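# Fold and contact review
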Amino acid sequence: MVNIPVLEQINQILHILFIFLPFLWALGTLPPPDALFLWAMEQVLEFGLGGSSMSTHLRLLIMFIISTGTAVTSYFIPSTVGVVLFMTGLGFLLSLNLSEIVFGFKHSVTGHRVGTESKALPNGLEKQFTWKEYLFYSIVLVLALLETGLLHHFAGFSQNSKNSPQAIVGYILMILFIILWILKEIQSVYIFGIFRNPIYPKHVRTVTLFLEKQTTLMKIGVVRRILINLVSPFAMIAFLSLDSSLQGLHSVSVSIGFTRAFRMVWQNTENALLETVIVSSVHLLISNTDIWWNRNLDTGIRLLLVGIMRDRLIQFISKLQFAVTILLASWTEKKRRKSTTTLCVLNIVFSPFVFTFIVFSALLSSPLLPLFTLPLFLVGFPRPIQSWPGVVGTTACVCADTVYYYQMVPSLNTALQSAMAAGSLGLLLPGSHYLGRFQDRLIWIMILECGYTYCCINIKGLELQETSCHTAEARRVDEVFEGAFEQEEYARVCSINEHFGNVLTPCTVLPVKLYSDARNVLSGIIDSHDNLKEFKGDLVKVLVWILLQYCSRRSNMQENVHKTENKGKASLIILPPLNTSPQTESPEDTDSLNSENLDDWSDDVFGEEPTIKKGKEEKDQLKVLPGINLPIPGSVESQGVGKHSTGTVTENSLYQAVALGYPATDKGKQEAMAYIPLMEFSCSHSHLLSLPEEWISNCLPNSKVKEMSSLFPEDWYHFVLRQLECFHSEENASNVVEEIAKDKVLKDFYVHAVMTCYFSLFGVDNMIPSPGHILRVYSGVFPWSLALDWLTEKPELFQLALKAFRYTLKLMIDKASLGPIEDFKELTNCLEEYESDWYIGLVSDEKWKEAILQEKPYLFSLGYDPNMGVYTGRVLTLQELLIQVGKLNAEAVRGQWANLSWELLYATNDDEERYSIQAHPLLLRNLTVQAADPPLGYPIYSSKPLHIHLF
């Protein structure tokens, strides 16, 4: 063996290579073992066995083992017909999303067996496989096996003739390829990424207008999907079945080549069609049988070599485009032009070496690594398509804005399904990256896996709080999309893409159901004296409406659980007598009498900005419930604080008088508190609207109750009673309502509850509230009053009072914007709309996130902008809007991610202001770094692998 020339040459090459290994390791060119192993499996699976990159490492390992076993098994099958049928059947089955199909089948069987509806499947499988899809796959498999077996058994194999059956099928495939290529190109806004598609709608702003103009394109997309899913695979199977190479059994080349070919027909139909057309064309053009291509290679190996060359050529073009973009980006950046001019000149002088690096990187299918994103190129180590270790979608920098992406993903998934099926996003290949844009949201989409009628993707959401770099690149993204999708009607028919050098190429727009975000300045509304004066009167009405609605629903719920035995008897409300015995003043009472306490809850001397002091006074005076958020002064939105426990409250303490803050009086001479003795309802149905016993307030002085009772709107109270739905089951409902309306005891209970809440919301002074007061109470921080402790000990009533206050604020804004309320009916409709279609609260509330996930049609929040010194309103509106989507240069993304990994892990350059993450409009460096997996990147949302049906 020492004398074998080939081994001697390999020995010499390895001696030279070993010398450079430490240097290559230091530059990060040598791959880690796990990355090398996964990369090798991906390459063998894709180019040797006809498979696809998989969404997880476990799926990749299992599919690699099964696919290898298929190729090995085909070698030992003794019959040619058996080999062809085996390759066709296994190729079709392995190209399907088998794991989800099996899981969906088990799930549906279990659901039918139990007799319950099946829940949504995990991993983003929005809908289960139906029996129609199982039937479709079964029919396609049977037809494919019949076609393969019959053609291989009965047709002739005159391969050298240009009039042979295989040659005729080759002509058909060429025509199919041309038709599919044309249909694919006209689906996108740009042809070749350069010329604008004249068929694509020029100017679209609304979903309705876009769908009307896209009708023709959708019809074309249906034709294209039929040609790809049905016509092309059967035509290619006919081409392969008629090949004479299949007559040679027990050949390794036949087993590997045709196992891959029969798999590629289904796994990646468009690429398989291209490869088959190239092989067929070469065979028709080169009639000489003595050349190496025709003599030593069978059709399966030819297809394999063409597939590798196709992939490496596409990678080479993408890497070359990325390298040119890096050079242009360095040259056009004025701040760095002096320092990068030398590098650009060196790249031009040593262009053969740069070209060699690009070729070598393409051959290895490894990223082209620009050091610090400067024109200094290295060959990155080979790595899987996903670029990052770990399971996709398990890590993200979750924050309050994550919920917006979480809500929109299901609808985006559906929109992507239609666009991918129609071909609007171009050729779907694992490792492709797309960028979506809507308002302040940036959506990063990566294709992980592709197969027959399915595609697996990962969706990431980038941060909404835009930094300067983020804003600069987002502005360029908007410019790129506006130039493509918002052209004037009189623009040229076939214009040129002005941003052709950018790594982003616009593709299409997607109609997605999501929240639009509108922020308004409330100057002139919230600080208007007339509006604030009306606010107080409206608040009493809203409190009455909310309490009556609550008690009505409460009685309905109780009746559904059990029937009250004494329903027809008079209901008694028994209140404990007021304890008028002399009370010992507690330390808390002493603290509450300090003059500083009222200063803790006061407007700032410089304006209406809310001010809240910290410390013992806040703990004692500003007692809040768990889940109630205190605002940070000067913030646009309030942030949450720690929870406060009110402790256990005895029954008697609920009715004790609270006299904090009044002048000290002699023992036994305290002012009598409002007290309701044992009383009986005059109407037997009043119990349906009775307030909970602990809500009957006796914490206010009689004088205060009498003073504020005059504000109670009796006519509104009677009107709301007549609108309630809890009496529909009663006979003579109208008479029952009239009897309840005349029940003075019930009305007095509501007067006390409503006015106690009203007093708690406005504090000691019954004055016109200030904007700062409005914001503080809206944020859940009530002013100190006699009834504050009493109210905070009743969490449910506290929340109802807070909700009434927030509804009233929204009502005040609507009246100022849309006009006054004409009558009680209109006011009721308005409040019912708030109850059913709105969530009115704080962005920091957990219920805000719940409302978004429940897809409430509208959300409103009040805030304060300290920079502008104004109060702001934020409205989220759920509607179907258009998201603009473009395709990114995959090699540019892989190269920048490779540099990020090299710079942080090898060069240990973790400077937050380093050059490689600075904004650049051509490369979109900052956005690309954000989209990397944590800890190197920081997307705020990352989905688990989502399986999209392209059926």
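Residues numbered from 1 in each chain as written. Predicted model: local features only at pLDDT ≥ 70, side-chain atom pairs only at ≥ 80, totals over all residues. Heavy atoms only, no water.

### Concerning the overall build of the chain
Broken down by element type, the chain carries 32 helices and 15 strands. When burial is assessed residue by residue, the chain has 54% of its 951 residues classed as buried. Sequence-distant contacts in the chain: of pairs separated by 6 or more residues, those separated by 24 or more amount to 76%. With the model as given, the accessible surface of the chain reaches about 43400 Å², and the carbon-plus-sulfur share is 62%. (Helix = DSSP H or I, 4+ residues; strand = E, 2+ residues; numbered from the N terminus. Buried < 20%, exposed > 50% of the residue type's maximum accessible area, 1.4 Å probe, protein only. Contact = heavy atoms within 4.5 Å. Areas by Shrake-Rupley, 256 points an atom, 1.4 Å probe, with all protein chains shown as cover.)

### Here's the deal with the UniProt feature "transmembrane region" (unreviewed entry) in the chain
UniProt feature "transmembrane region" (unreviewed entry): in the numbering of this structure it lies at residues 12-39, 83-103, 134-155, 167-183, 222-242, 313-331 and 343-365. For the annotated span residues 83-103, helix accounts for 86% and strand for 0% of the residues, and the straight-line distance between the end C-alpha atoms is 30 Å. Measuring from the first to the last C-alpha atom of residues 167-183 gives 25 Å, for a span that is 100% helix and 0% strand. (UniProt positions renumbered as here; feature names shortened; annotations may be inferred.)

### A closer look at a negative patch on the surface
Taken together, the side chains of D910, D911, E912 and E913 present a region of like negative charge at the surface. Note on placement: E912 falls in the loop between α31 (890-906) and α32 (925-930). (Patch = residues over 30% accessible without salt bridge, like charges linked within 9 Å, V, L, I, M, F, W, Y side chains within 5 Å. Salt bridge = Lys/Arg side-chain N within 4 Å of Asp/Glu carboxyl O. Lys, Arg positive; Asp, Glu negative; His and termini not counted. Charge placed at Lys NZ, Arg CZ, Asp CG, Glu CD.)

### Description of a nonpolar patch on the surface
A contiguous nonpolar patch, built from W131, L135, I139, V142, L143, L146, L150 and F154 and spanning about 850 Å² of accessible area, is present on the exposed surface. Topologically, L150 is positioned in helix α6 (residues 131-154). On the accessibility criterion, L150 (48% relative accessible area) is partly exposed.

### Examining the packing of aromatic side chains
Within the structure shown, the criterion is met by 33 aromatic pairs. On the numbers, 5.4 Å between centres and 80 degrees between planes, the contact of F372 with W902 is edge-to-face. Linking F372 in the loop between β3 (368-370) and β4 (377-379) with W902 in helix α31, this pair joins segments that are 530 residues apart in sequence. Judged by centre distance (5.7 Å) and plane angle (55 degrees), the rings of F712 and Y717 are tilted. Of the two residues, F712 and Y717, neither departs from the other in class, the shared state being buried. Among the aromatic residues, those joined into a cluster by ring pairs are F92, F234, W266 and Y452. Directly above the aromatic system of F381 lies the positively charged group of R383, at a separation of 3.8 Å from the ring centroid. (Phe/Tyr/Trp six-rings, centres within 6.5 Å; stacked < 30°, edge-to-face > 60°. Lys NZ or Arg CZ within 6 Å of the ring centre and 35° of its normal.)

### A few points about the confidence of the model for the chain
A residue-level look at the chain finds 80% of positions with pLDDT of 70 or above and a mean pLDDT of 79. Contacts of residues 114-126 to residues separated by more than four positions or lying in other chains number 26 contacts, the stretch itself having pLDDT below 50. Segment residues 561-678 is flagged for pLDDT under 50; beyond a separation of four residues in sequence, or across chains, it makes 208 contacts in the model. (pLDDT = per-residue confidence, 0-100.)

### Topic: helix α7 (residues 165-185)
With 21 residues, α7 ought to run about 30 Å at 1.5 Å a step, and its terminal C-alpha atoms sit 31 Å apart, in line with that. Restricting attention to buried positions, one finds in α7 the residues Q166, A167, V169, G170, L173, M174, L176, L180, L183, K184 and E185. Close packing links the buried residues of α7 with β1 (190-191), α9 (215-241) and α11 (269-285). (Expected span 1.5 Å × (residues − 1).)

### A few points about the packing of helix α13 (residues 299-332) against helix α15 (residues 351-364)
Viewed as axis vectors pointing N to C, α13 and α15 meet at an angle of 140 degrees, and their least axial separation amounts to 9 Å. The pairing of α13 with α15 is recorded here as oblique in orientation. Our pair here, α13 against α15, has a crossing hand that is right-handed. Along the contact surface, α13 presents R312, Q315, F316, K319, L320 and A323, while α15 presents F355, I358, V359, S361, A362 and L363. Tallied by class, the residues present in the contact of α13 with α15 amount to eight nonpolar, two polar and two charged. (Axes fitted to C-alpha atoms, helices over the stretch in contact; angles between N-to-C directions. Parallel < 35°, antiparallel > 145°, perpendicular 65-115°, else oblique. Left-handed = near helix turned anticlockwise from the far one by under 90°. Nonpolar A, V, L, I, M, F, W, Y, C, P; charged D, E, K, R; others polar.)

### Considerations on the side chain of S188
As for its placement among the helices and strands, S188 is situated in the loop between α7 and β1. Leave out the neighbours within four places in its chain, and S188 touches N197, Y200, G423, S424, G426 and C507.

### Some points on the nonpolar core
One finds L721, Y750, L809, F860 and L862 to be the most contacted residues of the largest nonpolar core, which totals 80 residues. Once residues within four sequence positions are removed from consideration, Y750 is found in contact with L547, L548, C551, L689, L691, F712 and Y717. Counting 49 residues, the second-largest nonpolar core is a separate cluster that includes L173, L227, A272 and W293. (Core = buried A, V, L, I, M, F, W, Y, C linked by side-chain atoms within 4.5 Å.)

### A few points about α31
Under the 1.5 Å per step criterion, the end-to-end length of α31 is 23 Å for 17 residues, consistent within 8% with the ideal 24 Å. By the criterion of burial, α31 is predominantly enclosed, with 14 of the 17 residues buried. Measuring from the backbone nitrogen of E891 back to the side-chain oxygen at the start of α31 gives 3.0 Å, which picks out N889 as the cap. (Polar contact = N/O pair within 3.5 Å; in protein donor to acceptor, adjacent residues only side chain to side chain.)

### Concerning the pairing of strand β11 (residues 838-841)
Each regular strand shows side chains that alternate between the opposite faces of the sheet. Of the two faces of β11, both are covered, the one formed by W838 and I840 as well as the one formed by Y839 and G841. Examined bridge by bridge, β11 and strand β12 (residues 858-865) share four bridges and lie parallel to one another. Within β12, the position partnered with Y839 by the bridge is L859. In this view, the connection linking β11 to its parallel neighbour β12 by way of helix α30 (residues 846-853) has right-handed handedness. (Pairing = 2+ DSSP bridges. Right-handed = clockwise from strand over helix to strand, strands pointing away.)

### Section: the pattern of salt bridges
Tallied over the entire structure, the rule returns 23 salt bridges. The shortest N-O distance in the salt bridge between R476 and E479 comes to 3.1 Å. Remark: E479 and R476 occur in helix α17 (residues 468-485); sequence separation between them is three residues, near one turn of the helix. Using a relative accessible area of 23% as the deciding quantity, one classes R476 as partly exposed. Relative accessible area serves as the criterion here: at 35%, E479 is assigned to the partly exposed category. A salt bridge links E835 to K803, with the shortest nitrogen-to-oxygen separation between them at 3.2 Å.

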